[in-house]
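Letter by letter, the chains look like this.
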Amino acid sequence: MSNNNLTDKIIRYHADEMAPDEQQAFEDQMSSDKKLQNLQADYEVAQSAVDALAYDELRSKLRQMTEPSQSSTRAANSGKTRFSFRLAIAATVLLLLVAGTYLWWPTPSTPAALASSFYEAPNFSLERSEQTNDDQRTALTTAWQREDYAYITQTLGGSDRLELTETQLLAHAYYQQQEWEKAIALFTTLIDQDDERYAPLARWYRALSYLQQDQTTKATADLELLRGSDNAALRAQAEDLLEAL
Amino acid sequence: MAVTDNRVLQRIEKGGESLEQAMHELYSDEQCRGQALSLLLRMGAGEQDFEDVFQDGIAHLIMNIRKGKFKGESSVKTYLISICKHLWMNKSKQLANRKALLERQPPVSEERLNSPEELLIYQERSQKLQVLLTKIGDPCRRILSLWSLSYSMDEISELTDYKNAAVVRKKKHHCLQQLMKMVQQSDF
């Protein structure tokens, strides 16, 4: 059985998504299958990462509570605040009722909002090139980590002899700066190079750039092509996005 | 165990919106806050330190309850105050060590002031784990954190830009697969 199938099984097992007999068979297999035991150990590391995320979520929600609890003045004026709050709610409800006559409710997600929710910034490791020396590569990587996109576009933007990783970095810097046309042009360059390491990902990000510009037809064409990709993760993402569209 | 404890425990175990209610109840419990504040001030904490420690304490308490580490041997509030006490002891030890380092004095102690619940596991992360969490991307981080706190797929869909529960479910599964793949490719 492939690693992917076993990973799926482990995820389903821990999410209680297995029927009792399948669960029993899985536990039996776990007691003797070394590969599965290793995957289980990996799952535990992944789980500790998820715990850390949950902890961050709790801390973020607690930080949002700080303001009302720390203010004693607010406590003293709570009656007044409650009245204002109710008044505000009543006004909002009235406004929604009036607006509801004219507007669809709820508002569907826009293509741009969907693109933003699917965009995941990659990590970059720049390769040696004629264009940049070691110091410049370090500076570019640091700029990306610090979200200093202007530095990247200023450093690489004027050159027509970029390596593929540099082209990719520049394209993402333009994406982050919402310069969609420039991002699309560079992602297209990467697609045209037809290098398996870059082209499929570039197609995915070009689809997101198209969506940022409300060009759903072009985005859909790229996503449909990605449905046939060898990269399972990319294929799944493309399907998710197509479904959401 | 007091009745209110049962309610808080049930809400925390249920997760999602119920968990948020319990968290709010604990956070705004003036009696509990007052007792914890008075204890930590006696132990040398400032008021801003207290606010940080109290919030950390509630987050740890919730994680420990959800992980089954709270055995009900004391009330939830006593347990929370005890967590805050240990968190402050750890934090003040770190501050003292940092000060000692700056003044080139020997550190206070190499021994860790952990409670039996290993309080720092959620806060302190290895660099490798930190890299994993960065690589996985914002949408996955958000979905997995909410899912881990038992928000329903419908609730997550409302809190994010995903169209419906089905899309969230697929995305969650995909994010977990991605995370597992990253773990397999790293050398944990």
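Residues numbered from 1 in each chain as written. Chains lettered and ligands numbered in written order. Predicted model: local features only at pLDDT ≥ 70, side-chain atom pairs only at ≥ 80, totals over all residues. Heavy atoms only, no water.

Colleague: What's the story with the overall build of chain B in this structure? I'm lost.
Modeller: Within chain B, the regular secondary structure consists of nine helices and zero strands. Ordered by position in the sequence, the α and β elements of chain B form the string α-α-α-α-α-α-α-α-α. Looking at chain B residue by residue over its 188 residues, the buried ones come to 46%. Within chain B, residue pairs in contact and separated by at least 24 positions form 61% of the contacts whose partners lie at least 6 positions apart. Taken as a whole, chain B presents about 9,700 Å² of accessible surface, with 49% of it coming from carbon and sulfur. (Helix = DSSP H or I, 4+ residues; strand = E, 2+ residues; numbered from the N terminus. Buried < 20%, exposed > 50% of the residue type's maximum accessible area, 1.4 Å probe, protein only. Contact = heavy atoms within 4.5 Å. Areas by Shrake-Rupley, 256 points an atom, 1.4 Å probe, with all protein chains shown as cover.)

Colleague: Just to check I follow, could you spell out the overall build of chain A for this structure?
Modeller: On a plain count of helices and strands, chain A comes out with 13 helices and zero strands. Each helix and strand of chain A, placed in order from N terminus to C terminus, yields the pattern α-α-α-α-α-α-α-α-α-α-α-α-α. Taking all 245 residues of chain A together, 40% fall into the buried category. Pairs at least 24 residues apart make up 50% of the contacts formed inside chain A by residues separated by at least 6 positions. If you sum the accessible surface of chain A, you get close to 14,000 Å²; carbon and sulfur atoms cover 50% of it.

Colleague: Please clarify how the interface of chain A and chain B should be interpreted in this entry.
Modeller: Where interface size is given, it is often the accessible area lost as the parts come together that is meant. Taken residue by residue, the interface counts 46 residues in chain A and 53 residues in chain B. Across the chain A to chain B interface the summed buried area is about 4,600 Å²; carbon plus sulfur atoms make up 63%. Run the count over chain A and chain B and you get four salt bridges. Among the salt bridges present, the one from A:Arg59 reaches B:Asp56, with a minimum N-O distance of 2.5 Å. Those elements giving two or more residues to the side of chain A that touches chain B turn out to be α1 (3-14), α3 (34-70), α6 (111-118) and α13 (232-244) of chain A. With 25 residues, the single largest contributor to the side of chain A that touches chain B is α3(A). (Buried area = accessible area lost by both parts, 1.4 Å probe. Salt bridge = Lys/Arg side-chain N within 4 Å of Asp/Glu carboxyl O.)

Colleague: Looking at this model, I keep getting lost on the state of the cysteines. Mind explaining?
Modeller: By definition, a disulfide is the covalent link that joins the sulfur atoms of two cysteine residues. All names here are of chain B. Applying the stated criterion across every chain yields a total of one disulfide over all chains. The thiol of Cys32 is unpaired, and the distance to the nearest cysteine sulfur, on Cys84, comes to 7.2 Å. With a relative accessible area of 0%, Cys84 lands in the buried category. (Disulfide = S-S within 2.5 Å.)

Colleague: Any chance you could explain a negative patch on the surface here in plain terms?
Modeller: Residues and elements named next belong to chain A. A surface patch of negative charge is lined by Asp192, Asp194, Glu196 and Asp230. Along the chain, Glu196 turns up in the loop between α10 (180-193) and α11 (199-212). A relative accessible area of 58% means that Glu196 is categorised as exposed. (Patch = residues over 30% accessible without salt bridge, like charges linked within 9 Å, V, L, I, M, F, W, Y side chains within 5 Å. Lys, Arg positive; Asp, Glu negative; His and termini not counted. Charge placed at Lys NZ, Arg CZ, Asp CG, Glu CD.)

Colleague: Would you mind going over unusual backbone geometry with me for this structure?
Modeller: Most peptide bonds adopt trans geometry, and most residues besides glycine take a negative phi value. Residue and element names in this part refer to chain A. For Asp16, which is not a glycine, the phi torsion comes out positive at approximately 55°. Note on Asp16: relative accessible area 63%, which makes it exposed. With a phi close to 60°, Asp194 is a non-glycine residue in the positive phi region. Tracing the backbone through its elements, the reader meets Asp194 in the loop between α10 and α11. Classification of Asp194 by relative accessible area gives exposed; the value is 60%.

Colleague: Would you mind going over the packing of α1(A) against helix α2 (residues 20-32) of chain A with me for this structure?
Modeller: Helix-helix packing is described using two parameters, namely the angle between the two axes and the distance between the axes. All names here are of chain A. The N-to-C vectors of α1 and α2 enclose an angle of 120°; their axes lie 11 Å apart at closest approach. If you check the angle between α1 and α2, you find them oblique. For the element pair α1 and α2, the recorded crossing hand is left-handed. Here α1 contributes Leu6, Lys9, Ile10, Arg12 and Tyr13 to the contact with α2, which in turn contributes Glu22, Gln23, Phe26, Glu27 and Gln29. (Axes fitted to C-alpha atoms, helices over the stretch in contact; angles between N-to-C directions. Parallel < 35°, antiparallel > 145°, perpendicular 65-115°, else oblique. Left-handed = near helix turned anticlockwise from the far one by under 90°.)

Colleague: Is there a simple way to think about the pattern of salt bridges in this case?
Modeller: Two side chains bearing opposite charge may form a pair once their charged atoms approach each other closely. All told, the structure shown has 17 salt bridges over all chains when counted by the stated rule. With a closest N to O distance of 2.9 Å, A:Arg203 and A:Asp222 form a salt bridge. Of the two residues, A:Arg203 sits in helix α11 while A:Asp222 sits in helix α12 (residues 216-226), which places them 19 residues apart along the sequence. Of the two residues examined, A:Arg203 and A:Asp222, each falls in the buried class. The residue B:Lys91 makes a salt bridge to B:Asp52 at a minimum N-O spacing of 4.0 Å. Of the two residues, B:Lys91 sits in helix α5 (residues 76-102) while B:Asp52 sits in helix α4 (residues 47-66), which places them 39 residues apart along the sequence. In the salt-bridge network here, residues are joined through shared partners; they are A:Glu57, A:Lys61, B:Glu20 and B:Arg142.

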